[in-house]
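# Coordinate analysis (summary)
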Amino acid sequence: IENQRTLKESENRYREAFKQIEDEVNERRKTEEKLRKSEERFREMAEHISEAFWLYDWNKREVIYTSPAYEDIWGRPLKELYAREAEWNESVHPDDLEYARASFQKIIQTGGGEKREYRIVRPDGSVRWVSDRGFAIRDENGQVVRIAGIAEDITERKRAEVALRESEERFRELAELMPETIFEVNLEGQLTFVNRNAYNYFGYTQADLKRGLSSFSMIIPADRDRAKDNFTRILSGEQTGINEYTALRKDGATFPVMIYSAPIFKDGNPVGLRGFVIDITDRKTSEEERRKLEVQFQQAQRFEALGTLAGGIAHDFNNLLMNIQGNTSLMLFELNNAHPHFEILKNIEKQVKSGAQLTRQMLGYARKGKFNVKPVDLNQIVDESAETFRRTRKEITIEREFENDLFSIAADEGQIEQVLLNLYVNAADAMPGGGKLILRTQNQTHLNIKSDQYRPEPGNYVRLIISDTGSGMDKSTLERIFDPFFTTKEMGGGTGLGLASVYGIIKNHDGYIDVESEIGRGTTFTIF
């Protein structure tokens, strides 16, 4: 009985041991099944992706697994790789081999994860670009046992990058060859690129650009709000066409420009503007020259018409005066001083003489007066006439700045004296409380004569400058100052022929006259 009980206990222990072994076997089978299914899923995934997945045994220095995409990328059969008939580095381009080896070793040191790009040479001789990323796998002791990685063919991307780089290089070469300014700015208006001519036009340096340079600072303040508004409109897709601004150089100088720009897009979103700047100084100068010529032509026509009118009136008026003078002289010849009409007739005779003086002024404006032209010394005429005028207007200080060895001028001395007297009187009227009259003479040539109103004939000239410190004139008065019968004086205070005759006499002497004046800053007449 005791032996039977011992045997039964022994059988129970064996049954429990067998049961435990059976459970362990079943569990292992389940684990192996899960691992098999996991490997199947991995292989299914690895064999259907376009990238080449690889697994490398670091200790044995051999490839454990590589996905089929390897054959598409490298153009080599997998069996050669597994049979170790070919090493992986045999396919690397000779120029990239050193880099590829060094980067592979770096995976062991850093654990990997960084992309490395290199070229491979396929058996047919074609070259492909590969982007490869490897990761180190370590055991429980921290030792690297395997390296896993994934590689993809980036040849098309590299070609696109090369094409883009070549396109950018062509753009930059063309930009450098352009005679005008080419620029690029970011969304804040900061310049990110300019061609070489931009530095020439605006006076900035590459160091200025690197420090940060706003495109708006290169436009005068008065135009900046408009420029910023156009900047926003262009970024939003609006077409603003070519815009004109006044550009501002680093040294403060300005010049007119035309600017055209368009958005720069990246991934469908605007990231800035690109455009060109054209200096239109020459065009503006041409327009200004044309405007000056039009002004000259219009003024010449106006003066010619007024001169013709004044000349005709002067001749007719002179005939009337001569008739009155003749009859008055005949009547006075037959009367004695005691006759009641004697003084009346003498007064008529006096007024006729005043009218004759008026006629001479009108003829002077019409450039039809009689002249006794001979070489004269302008310094002497100005000095003597100024001294005579000074005695009558002691409240006015006269300053003289005469050039030595002044050129002689061909002129009628009496007519020049009339010009000087009219200008002295005009200056005195502008300085009722006293002031300063400055007289200057200088030798000049036609190259020194700059004016909007005329173009001087080539030759030598004498410049006469008559300046006062009087009340000055406004723009509307300046525009009519030489018109006959135009005067700013009250009724009876002037005929309006003084400056008109000055203009006519100067023109008839083949000369030129300019006037500059501002309210409260005096007047300057310049005669050549």
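For the structure, see preceding data.
Residues numbered from 1 in each chain as written. Predicted model: local features only at pLDDT ≥ 70, side-chain atom pairs only at ≥ 80, totals over all residues. Heavy atoms only, no water.

Here the focus is the packing of aromatic side chains. Here a ring pair, both rings aromatic, is described through the centre-centre distance and the interplanar angle of the planes. Throughout the structure, instances matching the rule amount to 11 aromatic pairs. Taking the centre distance of 6.0 Å and the plane angle of 45° together, the rings of tyrosine 461 and tyrosine 512 count as tilted. Here tyrosine 461 is found in strand E15 (residues 460-468), whereas its partner tyrosine 512 is found in the loop between helix H14 (498-508) and strand E16 (513-517), with 51 residues between them in sequence. We note that tyrosine 461, like tyrosine 512, is buried. An aromatic cluster is defined as three or more aromatic residues linked by ring pairs; in this entry it consists of Trp54, Tyr56, Trp58 and Phe104. We note lysine 158 situated over the ring of tryptophan 129; from NZ or CZ to the ring centre the distance is 4.6 Å. Cation over ring: lysine 228 sits above phenylalanine 216, and NZ or CZ is 5.6 Å from the ring centre. (Phe/Tyr/Trp six-rings, centres within 6.5 Å; stacked < 30°, edge-to-face > 60°. Helix = DSSP H or I, 4+ residues; strand = E, 2+ residues; numbered from the N terminus. Buried < 20%, exposed > 50% of the residue type's maximum accessible area, 1.4 Å probe, protein only. Lys NZ or Arg CZ within 6 Å of the ring centre and 35° of its normal.)

A separate point is the sheet that holds strand E4 (residues 127-138). Across the sheet, which stays open at both edges, the five strands sit in the order E2-E1-E5-E4-E3 with antiparallel pairing between neighbours. Of all the strands in the sheet, the pair left with one neighbour each is strand E2 (62-66) and strand E3 (112-121). Within the sheet, the average angular offset between the axes of one strand and its neighbour, ignoring direction, is 30°. Together, strand E1 (52-57), E3, E4 and strand E5 (144-153) form the strand contacts of helix H4 (residues 97-110), whose direction differs from that of E3 by roughly 160°. (Pairing = 2+ DSSP bridges. Axes fitted to C-alpha atoms, helices over the stretch in contact; angles between N-to-C directions. Contact = heavy atoms within 4.5 Å.)

Mapped onto the elements, alanine 198 comes out in helix H6 (residues 196-202). Through-space distance from the C-alpha of alanine 198 to that of phenylalanine 276 is 9.8 Å; in sequence the pair is 78 residues apart. With sequence-adjacent residues up to four places away left out, alanine 198 is seen in contact with Thr181 and Gly203.

What follows deals with unusual backbone geometry. Of note in this structure, aspartate 405 is not a glycine but carries a positive phi near 55°. Here aspartate 405 lies in the loop between strand E12 (396-401) and strand E13 (409-412). Positioned with a positive phi, aspartate 510 is a non-glycine residue whose angle comes to about 55°. For aspartate 510, a relative accessible area of 64% gives the class exposed.

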